[in-house]
Amino acid sequence: MLLSYLKIAWKVLQRRKFFTFISLFGISFTLMILLVVYALYDHTVGPHTPEKRVDRLLFVTHVGLWAPNSQSNSNPSYSFLNRYVRPLRTPEKVSIATGGGYAVAYVGNTKLKLSQKGTDGAFWQVLDFDFLAGRPYSVQEVGTDARVAVINESTARRYFGAVAGAVGRTIEADATGYRVVGVVRDVPAARTLSTADMWIPLGLAVDVNEPNYFGNCMAILLAPSAEALPAMQAEFKQVMRHVPVQDPKEFTELRVYANTLLGFTVRELMTDNDGPDDGVAWFGRVALGVALLFMLLPALNLVNLNVSRMLERSSEIGVRKAFGATAGRLVGQFLVENIFLTLLGGVLGLALAAGVLALLNGSSIIEHAQFALNGRVFAVALGAVLFFGLLSGVYPAYKMSKLPAIQALKGGTN
Amino acid sequence: MLKHLFTLIWNRKQANALLIVEIFLAFVVLFVVGSLLVYRWQNYRAPLGFAYEQVWAVDLDPGIQPKAERYATQQQIIQRIKSLPGVRAVTRSGSNTPFSNSHNLNNTERPNQRVLRPSGNVYNLDDAAGDVLQLPLEEGRWFDRRDDGAPVVVISRDMKELLFPNETAVGKLVVSNGKKRIVGVTAPFRADGDFADPKQAIFLRNGLQDTTFEHLETLLVRVQPGAGGALEKQISSDIRAIGPGWSSNITPLAEMRDKQLKAVLTPLVALVITCVFLIVNVALGLFGVLWQTINQRRSEIGLRRAIGASAGGISGQILGEILVVATFGLALGLLVAAQFPLLGVLGVRAGVYATAMLLAAGLVYLLTVVCALYPSRLAAGIQPAVALREE
């Protein structure tokens, strides 16, 4: 039965090539755009190197001092994090790193502007970098402020000419020599919290004795499991409630939050980003709404086309009705046909999206970006395709089944 | 004739409902995207209110030098940079340099007047900033030596209009971190870049008595035309020589502007591509449906031809019908679009909405006409004899 429906669908597709083209164009381009947007999203906050265990990580990146008529907001300092965040009991590990900075290196006369990040030893255990050569620096090396560095692949290429010989040699940045102990694969620029060209021990990059709450650091908290994340959040909130406000004459409240990677990214997007709500729920609703609205126009277009194409086939419907096909059967047939067409468009859309992403990767608009269609993106695509097929198939199918047999046989419209 | 067409479409409103909804949605999409584009375009054409070419931002990082010594080191560095050939002027600034997307917002008020106003941008600059950024002054003057000891500020035109709508501002007092006297008014200052709205700005003077380093870690340097890498290298190595452990990050403002333009334009381009795709989709659908309809109405059209309607009359009728359908859709769309300025949804000027509405309506009509041309000619070409025989 299904096979014969599919055969009919195939024949119908070939009958009016122009209409088939319009339908396929609509479906495949809609899917392509949705897929590309999702791939961008997944690339920014999905589980990828180095935040592979993204569902177990929380990030502390901002400290706000708040009073009804004045607010001050900055990155936290090392001493603040070391004193109030490191002693937390629920996290498996806590790492402290700098927010980022730049160092200048020269190869002959060309200037290399290297983004530089100071980290502690735990940084390499909390995040999962891909080491192409060598090893991360250890907790001991950080403790003694050893002049060692981990660099990324493109820095190794640009400074030393190749990845292979880089380990053990010295890179001079801001007139300071660092012994390279490891080379990692490039981290995409969209991973703003972990990306850098060069990672060095924290003590070399920041004054660890600065008592002020404001500084240039961040903390990464690793929960023992994804299920333990809410407990970690709760403990963090609980502890922060008792941290004294710095400068109590001017400020009344300390605002500091531990965000997931998505929460951090959404906060950056929001204009009012220092409230207790991280905006993830809002973001989810808006994203879903926009996606549905976006799909509505192409879907309406397909409904429109399907309705007028169905009228073209009214005599066929009349014959089938006259021979006893029920309305349900006809609806089933039409839905199968429509979903078949949508799936075909889905395959095309996937191919188009892969092409666009390859173009984006090749164009280096976004530094070190490696967009890819992975299992998650594919699942989203399949879901969208089926939703789309149903959305644009149900109404015409219903309308067709309602057509009286006699009128249909006559080839009438309605 | 027109009334007749409207009745015709109204009577078949159920059959045309989907088309109407589609045109309505297309109009809304065009209107929203159009509003954003018109808004950005109008901003882009307005002057920035400062000159950015040949200005470099030098971010200083004092490393682990004790705080008490930082100001003195910075002063030495400024003197050194000023003396370099190829450098015209140097000013100390906060981190909220033009195009940096960094802001320092605070409330500015008139003395003894507590009104809740939108907070404005606060820029900390010194006497040399007038030369470095070449700020055009509409009234008064930039601050200079004469102001030593007396707290003074310069405000932008937007700030003046907010605080002193119908009076002169120069010579009056404002409260911004203490009472200060206004000595000048600049043109609208748009440090947020080419696409941003002007925002009220107030320029505070960093006199020599302000010996802090903390919030003034950035230098703005105006260089001679043609200065490049060699000077950049010279400046950064001089900084390192004066302050042990100091490092610097030198970026020409033009480079920061390019980066910011790219950041603003990329999503806009993506939006326009998506919009174009949606509209092409609607156009193809419209075309397909019209074509299909003509095929179904062959007998009706044949009959009309047989009783003497001209080919032009037929294609005119088809065109007229679809334009009436489009008008229904547009009427719905305009109802929705009118809510935008009333509720202030996108937060742009009312004139922008009006322009966008006109543009979107024009585009929708153009689209329907283009899509209807071929099917209407097809209809006009139907031979009455052939069409009637089929029946």
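- As its UniProt record puts it under Subcellular location (unreviewed entry), chain B is described as follows: "Cell membrane".
- Quoted verbatim from the Sequence similarities (unreviewed entry) field of the UniProt record, the comment on chain B reads "Belongs to the ABC-4 integral membrane protein family."

- Chain A is annotated in an unreviewed UniProt entry as ABC transporter permease of Hymenobacter nivis.
- Regarding chain A, the UniProt comment filed under Subcellular location (unreviewed entry) reads as follows: "Cell membrane".

## Examining the overall build of chain A
Argument step 1. Of the regular secondary structure elements, chain A holds 14 helices and 14 strands.
Argument step 2. Its C-alpha atoms give chain A a radius of gyration of 29 Å, more than 25% over the compact-globule value 22 Å for 414 residues.
Argument step 3. For chain A, the C-alpha atoms occupy an extent of roughly 90 × 55 × 35 Å along the three principal directions.
Argument step 4. Out of the 414 residues belonging to chain A, those deemed buried represent 48%.
Argument step 5. Counting only contacts in chain A whose residues sit at least 6 apart along the sequence, the fraction spanning at least 24 positions is 74%.
Argument step 6. Element-wise, carbon and sulfur atoms account for 61% of the exposed surface of chain A, whose accessible area totals about 18,900 Å².
Argument step 7. Where the 38 positive side-chain charges of chain A centre and where its 30 negative ones centre are 14 Å apart.

## What to know about the environment of Val243(A)
All names here are of chain A.
Argument step 1. In this fold, Val 243 is placed in the loop between α8 (229-241) and β14 (253-256).
Argument step 2. A relative accessible area of 7% means that Val 243 is categorised as buried.
Argument step 3. Measuring from C-alpha to C-alpha, the distance between Val 243 and Arg 83 comes to 10.0 Å, with 160 residues separating the pair along the chain.
Argument step 4. Among all residues touching Val 243, those that are not within four sequence positions of it are Phe 80, Tyr 84, Tyr 213 and Leu 254.

## Digging into the packing of aromatic side chains
Argument step 1. In total, this model carries 37 aromatic pairs over all chains according to the counting rule given.
Argument step 2. For the pair Phe287(B) and Trp291(B), a centre-to-centre distance of 6.2 Å together with 50° between the ring planes defines the contact as tilted. With a gap of four residues between them, Phe287(B) and Trp291(B) both fall in helix α7 (residues 253-296), about one helical turn apart.
Argument step 3. Exposure remark for Phe287(B): the relative accessible area of 17% places this residue in the buried category.
Argument step 4. A connected cluster of aromatic rings, assembled from ring pairs, spans Phe50(B), Tyr52(B), Phe99(B), Tyr123(B), Trp142(B), Phe143(B), Phe189(B) and Phe203(B).
Argument step 5. The cationic tip of Arg255(A) hangs over the ring face of Trp66(A); the distance from NZ or CZ to the ring centre is 4.3 Å.
Argument step 6. The aromatic ring of Tyr106(A) is capped on one face by Lys233(B), whose charged end is 4.6 Å from the ring centroid.

## Describing the domain arrangement of chain A
Residues and elements named next belong to chain A.
Argument step 1. By the assigned domains, chain A splits into domain 1 (1-47 + 281-410) and domain 2 (57-259).
Argument step 2. Of note, the centres of domain 1 and domain 2, computed from C-alpha atoms alone, are 46 Å apart.
Argument step 3. Listed as interface residues are nine residues of domain 1 and, on the opposing side, nine residues of domain 2.
Argument step 4. Of the roughly 620 Å² buried between domain 1 and domain 2, counting both surfaces, carbon and sulfur atoms make up 48%.
Argument step 5. The interface formed by domain 1 and domain 2 holds two residue pairs in polar contact (both at pLDDT 80 or more) in total.

## Here we look at the confidence of the model for chain B
Residues and elements named next belong to chain B.
Argument step 1. Of the residues in chain B, 98% have a pLDDT of 70 or more, and the chain-wide mean is 86.
Argument step 2. Helix α11 (residues 384-390) is the least confidently modelled element of chain B, averaging 72 in pLDDT, while strand β10 (residues 218-223) averages 93, the highest of any element.
Argument step 3. ipTM for the predicted complex: 0.71, alongside a pTM of 0.79.

## Concerning the domain arrangement of chain B
Residues and elements named next belong to chain B.
Argument step 1. Here chain B is described as being made up of domain 1 (1-47 + 260-388) and domain 2 (63-245).
Argument step 2. A separation of 51 Å is found between the C-alpha centroids of domain 1 and domain 2.
Argument step 3. At the junction of the two partners, domain 1 supplies 11 residues and domain 2 supplies nine residues.
Argument step 4. For the domain 1 face of the interface with domain 2, the top three residues by lost area are Asn 43, Tyr 44 and Gln 260, together amounting to 52%.
Argument step 5. Here domain 1 and domain 2 share zero salt bridges between them.
Argument step 6. Between the two partners, domain 1 and domain 2, sit nine residue pairs in polar contact (both at pLDDT 80 or more).

## Concerning a nonpolar patch on the surface
Argument step 1. On the surface, a cluster of nonpolar side chains totalling about 350 Å² of accessible area is made up of Leu288(A), Leu292(A), Phe387(A) and Leu391(A).
Argument step 2. For the nonpolar patch, the secondary-structure elements that each account for two or more residues are α10 (280-312) and α13 (375-401) of chain A.

## A look at empty space enclosed by the protein
Argument step 1. Scanning the model with the defined rule gives nine cavities of 30 Å³ or more in all.
Argument step 2. Size it by volume and the largest cavity reaches roughly 170 Å³.
Argument step 3. Together, Ala9(A), Val12(A), Leu13(A), Asn306(A), Arg309(A), Met310(A), Arg313(A), Phe334(A), Glu337(A), Asn338(A) and Leu341(A) line the largest cavity.
Argument step 4. Put simply, the parts of the chain that give the lining of the largest cavity at least two residues each are α1 (2-15), α10 and α12 (327-363) of chain A.
Argument step 5. Broken down by element, the residue count for the lining of the largest cavity peaks at four residues, all from α12(A).
Argument step 6. A class-by-class count of the residues in the lining of the largest cavity yields six nonpolar, two polar and three charged.
Argument step 7. In this structure, the second largest cavity encloses a volume near 50 Å³.
Argument step 8. If you go around the second largest cavity, the residues you meet are Val104(A), Tyr106(A), Lys111(A), Glu232(B), Ser236(B), Ser248(B), Asn249(B) and Ile250(B).
Argument step 9. Elements with a contribution of two residues or more to the lining of the second largest cavity: β5 (101-107) of chain A together with α6 (229-242) and β11 (247-252) of chain B.
Argument step 10. Counting residues per element, the lining of the second largest cavity draws most heavily on β11(B), which supplies three residues.
Argument step 11. Grouping the amino acids of the lining of the second largest cavity by side-chain chemistry returns three nonpolar, three polar and two charged.

## Here we look at the interface of chain A and chain B
Argument step 1. Contacts between chain A and chain B engage 39 residues on the former and 35 residues on the latter.
Argument step 2. In total, chain A and chain B occlude about 3,100 Å² of area from one another, counting both sides; carbon and sulfur atoms represent 63% of this.
Argument step 3. Counting across the chain A and chain B interface gives zero salt bridges.
Argument step 4. For the interface between chain A and chain B, the tally reads three residue pairs in polar contact (both at pLDDT 80 or more).
Argument step 5. Of all the secondary-structure elements, those providing two or more residues to the side of chain A that touches chain B are α2 (17-45), β5, β6 (110-119) and α10 of chain A.
Argument step 6. Broken down by element, the residue count for the side of chain A that touches chain B peaks at 13 residues, all from α10(A).

About the cut-offs
Residues numbered from 1 in each chain as written. Chains lettered and ligands numbered in written order. Predicted model: local features only at pLDDT ≥ 70, side-chain atom pairs only at ≥ 80, totals over all residues. Heavy atoms only, no water. UniProt positions renumbered as here; feature names shortened; annotations may be inferred. Helix = DSSP H or I, 4+ residues; strand = E, 2+ residues; numbered from the N terminus. Rg over C-alpha atoms; globule rule 2.2 N^0.38 Å. Buried < 20%, exposed > 50% of the residue type's maximum accessible area, 1.4 Å probe, protein only. Contact = heavy atoms within 4.5 Å. Areas by Shrake-Rupley, 256 points an atom, 1.4 Å probe, with all protein chains shown as cover. Lys, Arg positive; Asp, Glu negative; His and termini not counted. Charge placed at Lys NZ, Arg CZ, Asp CG, Glu CD. Phe/Tyr/Trp six-rings, centres within 6.5 Å; stacked < 30°, edge-to-face > 60°. Lys NZ or Arg CZ within 6 Å of the ring centre and 35° of its normal. Domains from an automatic or database assignment. Buried area = accessible area lost by both parts, 1.4 Å probe. Polar contact = N/O pair within 3.5 Å; in protein donor to acceptor, adjacent residues only side chain to side chain. pLDDT = per-residue confidence, 0-100. Salt bridge = Lys/Arg side-chain N within 4 Å of Asp/Glu carboxyl O. Patch = residues over 30% accessible without salt bridge, like charges linked within 9 Å, V, L, I, M, F, W, Y side chains within 5 Å. 1 Å grid on protein atoms, 1.4 Å probe; cavity = no way out; pocket = protein on both sides within 12 Å on 5 of 7 lines; lining within 4 Å. Points joined across faces, edges and corners; volume = space filled by probe spheres on them. Nonpolar A, V, L, I, M, F, W, Y, C, P; charged D, E, K, R; others polar.

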